Amino acid sequence: MKFLTIIFISITNFCISQTSLDSLCLGQINKYRKSNSKNNFTWNNIAYKASNHHSNYLKDSTDILTHHESVLVNPKDRLVFFGGKYTYIAENVLVVSLNFSDSDKPSDIQEKISSEVLDTWVESPSHNKILLSNTQLAGISTVIQKQGCGIEGYTNYTVWATLVVYNP
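Computed from a predicted structure; not experimentally measured.

The rules behind the values
- Residues numbered from 1 in each chain as written.
- Predicted model: local features only at pLDDT ≥ 70, side-chain atom pairs only at ≥ 80, totals over all residues.
- Heavy atoms only, no water.
- Buried < 20%, exposed > 50% of the residue type's maximum accessible area, 1.4 Å probe, protein only.
- Helix = DSSP H or I, 4+ residues; strand = E, 2+ residues; numbered from the N terminus.
- Pairing = 2+ DSSP bridges.
- Phe/Tyr/Trp six-rings, centres within 6.5 Å; stacked < 30°, edge-to-face > 60°.
- Lys NZ or Arg CZ within 6 Å of the ring centre and 35° of its normal.
- pLDDT = per-residue confidence, 0-100.
- Contact = heavy atoms within 4.5 Å.
- Salt bridge = Lys/Arg side-chain N within 4 Å of Asp/Glu carboxyl O.

### Quick word on the pairing of strand S2 (residues 88-101)
Point 1. In terms of burial, S2 is a largely internal element, 10 of the 14 residues being buried.
Point 2. When S2 meets strand S4 (residues 154-167), the two strands line up antiparallel, connected through 14 bridges. Across the sheet, residue Val96 finds its bridge partner in S4, namely Val159.

Here it is in structure tokens:
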């Protein structure tokens, strides 16, 4: 039994996969890139694992929004830890808090969140530069925490998002 538990833990560490919201966000970003005559980012599992690690770190941390962590200190460390080799790497992060009606459809909520993620980064010159960089590979991870917002019939969604882009 102990052996099977260890195998299960090892397997689950390698079975991280993107969510429908992550996919929607990357689709929105690629649509924006195309409108600016840029090639689409290509989804990359290593970049996703690095971005997912950092989004979860941000959610669980009491630190302010940052690109740095206590162990895997910066985006380069995270990418290398998950097996990536790079000649260029960049990272966008954000945290946003949105309220939705309990009657809103999940697809509408995801659409609004993905638009908010893109718009926030587009409006920031340094983040927009990364969105429009000549980079090939990308992974984006969104982590959501839902809680009551004090208004009956509404729920607050706090969203942490990390985009990691790189060239091998």
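### As for the packing of aromatic side chains
Point 1. This structure, assessed with the given rule, holds three aromatic pairs.
Point 2. Between the aromatic rings of Trp43 and Tyr48, the centroid separation amounts to 5.2 Å while the plane-to-plane angle is 40 degrees, which identifies the pairing as tilted.
Point 3. Measuring from ring centre to ring centre gives 5.1 Å for Phe100 and Tyr157, while their planes differ by 85 degrees; the resulting arrangement is edge-to-face. Taken as a pair, Phe100 in strand S2 and Tyr157 in strand S4 lie far apart in primary sequence, 57 residues in all.
Point 4. The ring of Phe41 has Arg33 sitting right over it, with the charged end atom 3.9 Å from the ring centre.

### A few points about the confidence of the model for the protein
Point 1. Chain-level pLDDT for the protein is 88 on average; 90% of the residues reach the 70-or-more range.
Point 2. Looking across the protein, the model is least confident in helix H1 (residues 2-14), with a mean pLDDT of 36, and most confident in helix H6 (residues 125-131), with 98.
Point 3. Long-range and interchain partners of residues 1-15, a stretch whose pLDDT sits below 50, account for one contact in this model, where long-range means more than four residues apart.

### Re the sheet that holds S4
Point 1. Pairing in this open sheet of four strands is mixed, and the strands run S1-S3-S4-S2 from one edge to the other. Sheet topology places strand S1 (42-43) and S2 at the edges, where each strand pairs with a single neighbour.
Point 2. Of the pairings in the sheet, the one linking S1 to strand S3 (residues 137-148) comprises two bridges and is parallel in character. Residue pairing across strands places Thr42 opposite Leu137, the latter belonging to S3.

### Digging into the pattern of salt bridges
Point 1. Scanning all chains against the criterion turns up three salt bridges.
Point 2. With its nearest N and O atoms 3.2 Å apart, the salt bridge here joins Asp60 to Lys59.
Point 3. What makes Lys59 partly exposed here is its relative accessible area of 29%.
Point 4. One salt bridge connects Lys112 with Glu116, and the closest N-O pair in it is separated by 3.6 Å. Residue Lys112 and its partner Glu116 are located together in helix H5 (residues 106-122), separated by four residues, close to a single helical turn.
Point 5. Judged by its relative accessible area of 21%, Glu116 is partly exposed.

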